[in-house]
Structure formats: structure tokens, C-alpha cells
There are 4 protein chains.
Amino acid sequence: MKGHNIPSGDLRRIVAEIAAEMAAETDRGTVADYIPQLAKVDPKQFALVISTADGEFITAGDAETHFSIQSVSKVFTLALALGKLGERLWTRVGREPSGDPFNSIVQLEHERGVPRNPFINAGAIVVTDSILSDYEPKEALAQILQFVRYLASDEAIAIDPAVAKSELDTGFRNAALANFMRAYGTIIGPPEHTLGVYFHHCAIAMTTRQLAAAGRFLAFDGQLDPGGSRVISTRMARQINALMLTCGHYDGSGEFAFRVGLPGKSGVGGGIVAVVPGQASIGCWSPGLNAVGNSQLASRALELLTRRTGWSIFAPR
Amino acid sequence: MKGHNIPSGDLRRIVAEIAAEMAAETDRGTVADYIPQLAKVDPKQFALVISTADGEFITAGDAETHFSIQSVSKVFTLALALGKLGERLWTRVGREPSGDPFNSIVQLEHERGVPRNPFINAGAIVVTDSILSDYEPKEALAQILQFVRYLASDEAIAIDPAVAKSELDTGFRNAALANFMRAYGTIIGPPEHTLGVYFHHCAIAMTTRQLAAAGRFLAFDGQLDPGGSRVISTRMARQINALMLTCGHYDGSGEFAFRVGLPGKSGVGGGIVAVVPGQASIGCWSPGLNAVGNSQLASRALELLTRRTGWSIFAPR
Amino acid sequence: MKGHNIPSGDLRRIVAEIAAEMAAETDRGTVADYIPQLAKVDPKQFALVISTADGEFITAGDAETHFSIQSVSKVFTLALALGKLGERLWTRVGREPSGDPFNSIVQLEHERGVPRNPFINAGAIVVTDSILSDYEPKEALAQILQFVRYLASDEAIAIDPAVAKSELDTGFRNAALANFMRAYGTIIGPPEHTLGVYFHHCAIAMTTRQLAAAGRFLAFDGQLDPGGSRVISTRMARQINALMLTCGHYDGSGEFAFRVGLPGKSGVGGGIVAVVPGQASIGCWSPGLNAVGNSQLASRALELLTRRTGWSIFAPR
Amino acid sequence: MKGHNIPSGDLRRIVAEIAAEMAAETDRGTVADYIPQLAKVDPKQFALVISTADGEFITAGDAETHFSIQSVSKVFTLALALGKLGERLWTRVGREPSGDPFNSIVQLEHERGVPRNPFINAGAIVVTDSILSDYEPKEALAQILQFVRYLASDEAIAIDPAVAKSELDTGFRNAALANFMRAYGTIIGPPEHTLGVYFHHCAIAMTTRQLAAAGRFLAFDGQLDPGGSRVISTRMARQINALMLTCGHYDGSGEFAFRVGLPGKSGVGGGIVAVVPGQASIGCWSPGLNAVGNSQLASRALELLTRRTGWSIFAPR
């Protein structure tokens, strides 16, 4: 089995089975608690949504419940920034796995303020700063939100103001990263502006269905549908997929590539977006996190999904 | 273009063009000079060989010249060790990119002697130690050599004794890594035994054609040919591909995934093996290295190859 | 010669000779340039002042020129904080040399936000925060300034507002340290309050004569004069001297102890205060810095001084 | 009280009192257990010996029991190497506190194989290598042993062969350090030769009385007695004292300077040698170690001793 073109009925059955197994799981990880808005989320929740090439959405679990996408937003800001700046973006942020936790400042000092990749916090702050460069914070934020709505074809997507406010109030570590990079000149604007936009785009709330929809452009080589509207170039889409594979899950990126075998990006809200190039975009969500900050059940569910479908970018084609 | 099933004639033309372009390159990197046997290799050399699903070998350049495979051998020892030990291997070595140079000892201290992955030197030494556990050094070495000959279907493959001798004489840094891990118990046997076998398998000499042949089992889901003799399980083959993608090029792994988009493994002898799952195994060789220790021209040639063929594990299928 | 009780005439001659030799030096280090106010200081300047047990001031060079004391102020804030909080201070800052540059953030991450000692920037920011705890920033700053005036018996000592303003505008790295520690709870108040006070006390301007006067309490076991007014306890005075010896010159502390053999504290304005317990307090100043951020000529002058006087805390008594 | 010239009777009383208090201590730290010979030492033991300027030995506790001096030997090899090589030694080893544990390899990688100071393991191995340079291992070892016997005026001092053998068998971490430095060229000879000599001089066994005697040359400015036979120059003696103060107690050096206020050197056998320049040499021993590897009771006893005698290099003279 090459893992392609799974019949829709089989896929529905597999998705339903996985959701049932996840519902029965007792070890669900630990909900992020650094801000009250995340800490109070019910850890019992789980959702899995597959958005296929022909536009079907196969859903299971709490697919219509909104959650904070947090670091998953970094994929969308990266796509927006790459579209605007192209290759120039890469003078300010690297493309290598960091080997350190997502909020580490050690590597920044050793490498003179240039973050390893756009998915660790420091790198994502640089990406945000690059989007901000020509705009007021409010304008930049509006652009980001509009871009995500466009990707998901859903104008209802919004920022959760309580989450954004909490992050601003307690985000001292990200403030440290931003000031540190400002000292090196990697960030150009006032750190508080960049941080304001950063905290707000991390506070975008989405449903798992919306997340699966928003990932489609990465599954279809930069187009919203196979042969449809182009968001970014084919090359950029593949490059973002490569970055998601090597750096998309913090210090658990190697493990995710090893177990799941698909490009993906996680957030501490418990969401993961993953793509099967040419076949499907996948949203998965469960609030409890594992030791390195990725959703425990969403990681597990995606591993089961690729085992049962044969989906893997490392499989023959 | 989905990048599949490139007509054989097109592939021959592309390979020939790339070889011609590489011959004209003036900035060829720097030949490794830490042992005399590597330092005296002519930097003008280049070879590119594609071994296709139907068994054809498309070659260009110095495809029949022997070179020292060095770290490329780590892929073969990993496959051998995984076949022997299965999942147990992963208690002694991790699966995450290290974010550090290939011979760094820093991460080892921070993580109590467990190397990040099997492709940095420390991790490969652990893999060698695991193969060695039940055998005398000579027997273990004979097994490794026999395994590589089997993979490449070529009994003529041999170890270059002068290279092995030089490495043993000057490999103080690897001796440091081995002793350090022995202090933590990650390595079980006498460090000098493990190092002896390690230095010898790094000193295997192969031609670029042999290297392309030896990579076939990773292109065809663990089988020497599509549907042919099975070397390792499908799952293990995909897992090794995932590890090559996230960790196969030292501190340039992210960059290789970003630019080339294929699983691959490089060595300081200038060789790279890469695979297009289901389509082809690729050997590429040029002795000059870039700043992070990967062959400069082989990296570049593989980037051009994937651009022109559309090959990428991140492309739709 | 035990190095005690050098006749006053000999001391005057030694001081004059050293000043003459320093005037002839051509390699004077590099003036700190991270803020304009420091960058424009004339590197030709040099001053050496010895304040003896009997109250005499032996001066040479530009002893009445004001300079920015910068990190030398950390000794005064430490004494003030120790006097207020006593041993409780040491729960928030360590007493070990850091082995890292003065503004490194790496150690902070490895040790969960607790700085190694009160003389690296992070530690001094914690000390400032501890002084601030019960006061408004303006009050805390007034206290610090009043304390320094008291130590030097000179009400004319003031803060250079242009220097303080410049530091506030460009101190992103210190802002990073403060926010980082706030994330760990080592700093309690709003980082911008603590930084404001910190930047202002670093901007205190003093003459070399005033600096020598202000160091007297550390030369005389906590008293302004032998047998005079007590500033801090005997034990605290000796403890601060110990900290100056092990940590007083950033990453050159071991070298200063090795070459000069006296407790001292340097600042990037080019000033150094050093003490010969029971004998003298010494101020020395020259704006050019060596590679680790200590005044090149002041370090050299103090080495010559201790060689010629026999002064050393490591000498027999 | 300036802490000088304590009457002999007072000193005897203080020493006896401290020994009695230490005998009553229940929290005695943890005996080093990395080799069997150290693990089996009775943690109940304690000794304190003061060797005064006039040659008197004031003793308490198990002053005649032999123990393994371990890292205390580094002071003696440093003195021997400095006497032979003079300033040239400092091209291969630094003079700064490391800020890292005694057996860390991290700093070595960051600073290209040059250890921070001669008292961390890596630095002491370099010192041993420098002594070895012109000699066979056996000759070098004989020289070191003869030097220690000379310092202590006691020909009975010997190496414990069982300890030396155990260290050689299990010293993989030190073998890692030596090989690592050999890779950088900081160590010149074969690592196994240098390690052999190093492990043997660490295995010198001494009584606390012998240790106090051996430290006299550092208390008396390089002479065995005030005005007596010169071992090293005055300057070198003071420099070694400075190094002991900044680096003599591993990662607890700052704390020892802060609490005890005397130059000293500890070993994992539980011994500490400390000096009061011009006044006394002190040996103290108790096998249980604190968290950073220094004798818990010996550190505590020396703190009590300096509080009660007023001895401190930071006190007025």
C-alpha cells in the first residue's frame, strides 16, 4: 500500500476509530498553565479533522470548538512574510533545528542574535517584526488576521482579546528575547510593538475544522485547492513544509518526523496542523501537552493516522 | 509537474548538464585535511549517479573512482543495528537534531551522555557499540562490511586500511566522546574496541555508483528493489529516512531539507547518498566541503537535480 | 618587605612614577562606545589616587576629572542592599564567579534566573530591585545617591542625566536580562522601574579622588576611617571584599587577583576602585578598556603599584 | 582584633572546640563513591591541624590518619610546573574561575581546548603534561612525589596503589578530557601517559598533619619557614594563593572565599589545605562532601576557625 487515495469511507472509519481511542485515553498530558485562559481549558477535549483534496471535511470529536492556536500561527506569519520579503527574510533568521527548547535564549547569545529558525519563539518574533516593518502595529495585525481568514476561507476567525492581554502581561521571557535581539539589531522596531503584534497573532482562536482548512495551501503546493488560487509559490510551500518537518515541534521535531512522518506545526494551545502533500490537510487538537510542549493526544492520534493510512512523506510514490 | 516518473532520457540529460555545470564551478569548498589520506584527494573530482526503480544506473563524472565514505557509513550501521536490536536501540541514542556541530561534546554533558541522534559522531559510536556487544571487534567489523556489500550487491567493497590507521592515530576527539559516554554508561564495551570498529567502518571506500546502489533499500521501503529482497521493515526504512532528513547533514540538515527536499546522509569524504522514495537512490560525490562539513558541489548538484526533476518529498503526490 | 606602612614619601614617588609611565603608554585600549557619552571621552586621560589610613590623599594625573563610574556603582548598591536586607539578599543572587562575560544571559537560563553574583549585570539588577522593593523608583535612586555621597563624604556627587538617558534608550540587553529574571521571579517589580534605577546609578559621575574616598569603608573593615563611623558590619565588609576579588572584574577577575592581588571593582567608564585592607583605598581611572572590559591602564597601573609597594592580600602579615 | 598573632593557647582551645563541635555534627555530607577505595572510608572521621609560623603543630581529631589527597595534589604539581616552566605554563592553561563543575568538558569546547585554570581537572591534566614533557612517566611521577615529600619534610609520604589503579580503571571522563585536549594540541604527549601520572599523583596518601606541613611554603611567601629554604619565588607563591582563592574549590570557590576568606584547595578525598599568609598553614579533613564536591565539615570547620581567630586575607593589617 502506497498510502495514496484512501477511499473516503475508509478514511471516515479510521478517523472515527482514532477519536474513540483518544476519548478512552487516561494519560492526556498537562494543559499549559502560564496564562489563566489556557489553564482553564477542559483537558477532555479532542478533535481530528481531515480536509481532503476534493474539498471534503472528515471530522471527529470537538471539531467546532475554538481554541488558541498559539505557535501554529507562526506558519501563517512565515508564509505572509515570505510572500512579502522573499529570500531577504533569511538574512535575519536561520533554517536549522535549534536543539533547544522553544523559548531558549542560549542559542541567541552564541549566534549573535540570529534565531535558528522561524518556529522557535525568537525566530517567530523576527518574522513578526519583518511584517511590521512598513506598518503600524494595528495594520500589521489586521493583515495577519485577514491572511488567516483567507487561508481558511472563513471571515469569522478572530483574536481572543483576553488571551492576548494575558500574554502581554506575563510574557517577560518573550520580552527578554525581543530586547535581546533588538540589542543585536535582528529586530528593528521597538520591541514592545513587535511583541504586541506577536502576542495578538498567537491569540488567534480557531476551530479544528478551520485549522484543517487553513493548512490546505501547504498540502497543495501553495494553492488553496489543487489547481486553485495560489497563495505562495510552489517552492515556498515546499520550503515551509521542510521547515515544519525539521523544526515544527520544538524539541520534539525529530520525534514527530520519526513517528508521524508528515510536516506539521504545533502550539501550546494543543493544536497541530499537518499536511500530506497532494492528499490532505489535517487539523488535530487536544489541550494536554507532553514534556516538550506538543499536544500529547494530537501527536499520538497523528501517529495512529499515518500508520493506518500509510501516509508518510517518506513512503514510496 | 508532480516530479514522478521522469522519462529516462530526460533524467540522463539533466544529470549530464549538472555534471557539466559542476565541472565549471570554481568555488569547490575545502577538502578535509585532518588525515593525510583525505587531504591529498583531488578537489576537481565530481560524480553523480542515479539508480532508478527499474534498476538503471544513470552516471556522470568520476562515478567509478573510490572515495572514503566516512559518515555515510552511519546510515548502514544504523540499519544493521536497528535490524538486530529493534526499538531497544533508542534507549541509548536519541532522535532529535542536535543543533551543534557533528563532533560537539557539549550536548553530551548537558544530557548525561546520551547523544541526540545516531548521525552525530557520538551517536554513531553508540550504534557501533551496540553492534559490537555480542561480538569481537573483528567479527563486528566483518558483519558491517558484509552488510554494505549486500546492500550494494558488490563483493568488491573494502576498507581502506591507510585511512583507518590514520583515523585511529589522530582521532583524539572521537576518543574523548567515547570515553565520555563510557563514563555515563551509554557505551558498554572498552572505548578502544568501539573506536577501532568505528574508525574502520568510516574508512570503507566506495565508488559513487556503489553508493547509489547501497542506498536503494531506503528508496524502496526497506527492499533492495521494489518488491524485492527485504533488508529491514517498511517502518524502519521510513524512520531512517526521517532521521536522514532531520539529522543527516550535521549542522546543515535544515538547510539540506529546505534546499534539496530529500532524505540524505553526507560524509567528510565528500559523498552524499540521497533517496527519492519509490523513485530512485542517488549517489553524489565531490571532495570539497562547505563550512558545516558537507560536500559543497554534491549539495549544490542535488539542489539543482531536485529543482529540475521536481523531486521532493514535500511535493504533492 | 611585608608591604605594610609604606612611608608616605615613597608612596608619593611610586604614584608619580606610575602616572608618568602610563602617560607614555601608547596601547591604551579602546574606549567604550555603546553610548555616545562614553565614546567621546578622551582616551589620553589617567588618574591614580591613594587614600591612606591616616586620611591623606596621594594623587597623580586627572584626579579631579569626572567620569561615569558605571559598574563600580554595583559595589555601593551591594553594600546598601546588604545593610538593608542582610543575608536574605543571597536567596536571589549567588556568590560564585560566573565564568561568562558581564552581560551574558546563558548562565541565567541554565540556573533558572538566579544570577551567579552581584557584580555581573544580571546580579546587579537584582540588587537594585531589592533596594527598590519598598520604595518608588525616585526614592530608591535618591537613597543610593545619598549613600554614595556619604561614603565619599562629598555632597557634590551627582548623576549624569545624559548618560542615564542614553543607557535607557539603548539598554536592550539589560532589558532582556531584567525581563528574563522577571519571568523567573528573581526580579519582583516591573522590569522598567528596576532598569530605570539601575541605569541611573550606573550613570553616577565621580572624580578619581571621590572614588578613592568612597572605597575607604571597604579598606577599614566597614568603617569610614580606622575606628571611625561604621557603614556596614566587619563581616559584610570582608564578604564584599571577597566578592570583589572573585568576581569584581567580569571575566578578568582571576587575572586581576593573579596580577594585582587586591579586591577591586571595575566599570566600563574606565574606573577601578581597589582596597588594601587596613592600609589604603585606591581609585584609578583611564577610559580605554581591554578585551574583557576593564580599564587597560588602570589595571596595569595597579599591578605596578602592588609590585612596587609589596601590597597584596596574599602577602604575609 | 586584627586576627594576627593569636596566642598559642587560645589557638589550641579554638581548635579543640571546633573538633568537638564537628564530632557532634550529624549532617556530614556524602563520601565520594566513584571508586571503591574512597567509598569505604568512614565518614565519622575529622581532623584539623594548624602549622604555625614558629613551627608548632596544633592538632585535633584523626590527625595521623592517611587519606587520599586527590585534587589537593594539583597545588603541588602547579608549584612544581611553575618552578620548571615559569610564565610559559600560562600559554596552555588559563587563570580564570570556570563557573562550571570540576570535570566539565563544555568550557573546553567553547574555548578551543585551553582549560580555564590549573585546578579544574582539565587544567591539572595540562599541568601534569607539562611536567611530563621531558621525562618518562615514571620519572615524572617520582619527581612529583619527591617534591611533596620535600614540602612536607616527610619521606614517608607515598602513593596508594589501589587508589591509583581504581582511578585508571574508571577514569573515563578524565580520559575524555585528555583526549579532547590532545585533539586541540593543549596536551602534547600520549593521553594515556599523562593520565597515568595524573591518576597516580591524585592517589598520594597523606595525614592531615602532613598536609598542613606541605602547605607551609604557601603561607610563607614561597619558603618552607619564615626566612627559611625557598621553594618558589615570592611572586609565584602569591599567584598560587590568588588562584586558590578564585578557583580552589571547584564551583564553590566564591562561597569559600566569602565564608572562610583564606586561599585553599580541596580534594574529593575530603581534605582541604588553607593558608593564612605569614601566620599559619592549615590542614583539615573529613570525608563527607557537600553538593559541589568539597568536604562539608572541613569547609564548616575552617569557617568557624576564621570567625573565631579573625583570620582573613580581607581583614585590615
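Further up the page is the structure itself.
All chains use their own residue numbering, which begins from 1 and follows the written sequence. Labels follow written order: the first chain is A, the first ligand is 1, and so on. Only residues with pLDDT of 70 or above have their local features reported here, since the model is predicted, and side-chain atom pairs are shown and tallied only from 80 upward, although totals for entire chains, interfaces and linings are computed over all residues.

What follows covers the interface of chain D and chain C. Whether two residues are in contact is decided by their C-beta atoms, placed from the backbone, lying within 7 Å. Contacts between the two partners involve 36 residues from chain D and, on the opposite side, 36 residues from chain C. Counting only elements with at least two residues in the side of chain D that touches chain C, the list comes to α12 (234-247) and α13 (253-259) of chain D. Where helices and strands are cited, they refer to DSSP runs of H or I of at least four residues and of E of at least two residues respectively, numbered from the N terminus. At eight residues, the largest contribution of residues to the side of chain D that touches chain C is made by α12 of chain D. Residues are grouped as follows: nonpolar covers Ala, Val, Leu, Ile, Met, Phe, Trp, Tyr, Cys and Pro; charged covers Asp, Glu, Lys and Arg; every other residue, Gly included, is treated as polar. Its residues placed into classes, the side of chain D that touches chain C shows 14 nonpolar, 13 polar and nine charged.

This brings us to the relation of the copies chain D and chain C. The copies were overlaid by least squares, fitting only the C-alpha atoms of residues that reach a pLDDT of 70 or more in each copy. Between chain D and chain C, which share one sequence, the superposing operator has a rotation angle of 180 degrees and an axial displacement of 0.0 Å; the RMSD is 0.0 Å. Taken together, the rotation and translation describe the operation of a two-fold axis. Considering only C-alpha atoms, the part of chain D nearest the rotation axis is G99 of chain D, at 2.2 Å. By residue overlap, the copies meet face to face through one surface: 100% of the interface positions of chain D are interface positions in chain C.

This part takes up the sheet that holds strand β4 (residues 67-68) of chain D. Residues and elements named next belong to chain D. DSSP bridges decide pairing: two strands pair if at least two such bridges lie between them. Strand order in the open sheet formed by three strands is β4-β6-β5, and the pairing between neighbours is antiparallel. Across the chains shown, the open sheet's two edge strands, defined by having one partner strand only, are β4 and β5 (158-159). Relative to strand β6 (residues 204-206), β4 runs antiparallel, the two sharing two bridges. Bridged to F67 within β6 is M206.

With that settled, the discussion passes to helix α3 (residues 73-85) of chain D. Residues and elements named next belong to chain D. Between its terminal C-alpha atoms α3 stretches 18 Å, which fits the 18 Å expected from 13 residues at 1.5 Å a residue. To sort residues by burial, count the other C-beta atoms lying within 10 Å of each one's C-beta; a count of 20 or more means buried, 12 or fewer means exposed, and anything in between means partly exposed. C-beta atoms are built from the backbone. Of all 13 residues in α3, ten are buried; the element is thus mostly enclosed. Listing the buried residues of α3 in full gives S73, K74, V75, F76, T77, L78, A79, L80, A81 and L82. Once α3 finishes, G86 follows within two positions and takes phi at roughly 60 degrees, a positive value. Each residue after the first adds 1.5 Å to the expected span of a helix.

All names here are of chain B. Put simply, helix α7 (residues 161-170) and helix α9 (residues 191-202) touch, their axes get as near as 8 Å, and they point 135 degrees apart. Between α7 and α9, the interaxial angle falls into the category oblique. Where α7 crosses over α9, the two elements pack in a sense that is right-handed. Of α9, the residues touching α7 (which contributes A164, E167 and L168) are G196, F199, H200 and C202. When its residues are assigned to classes, the contact of α7 with α9 shows four nonpolar, two polar and one charged. The angle between two axes is taken between their N-to-C directions and runs from 0 to 180 degrees, where each axis is a line fitted to C-alpha atoms and a helix contributes only its stretch in contact. For classification purposes, an angle smaller than 35 degrees is called roughly parallel, one larger than 145 roughly antiparallel, one from 65 to 115 roughly perpendicular, and anything else oblique. Here is the rule for handedness: rotate from the far helix to the near one, and if that takes an anticlockwise turn smaller than a right angle the crossing is left-handed, while a clockwise turn gives right-handed.

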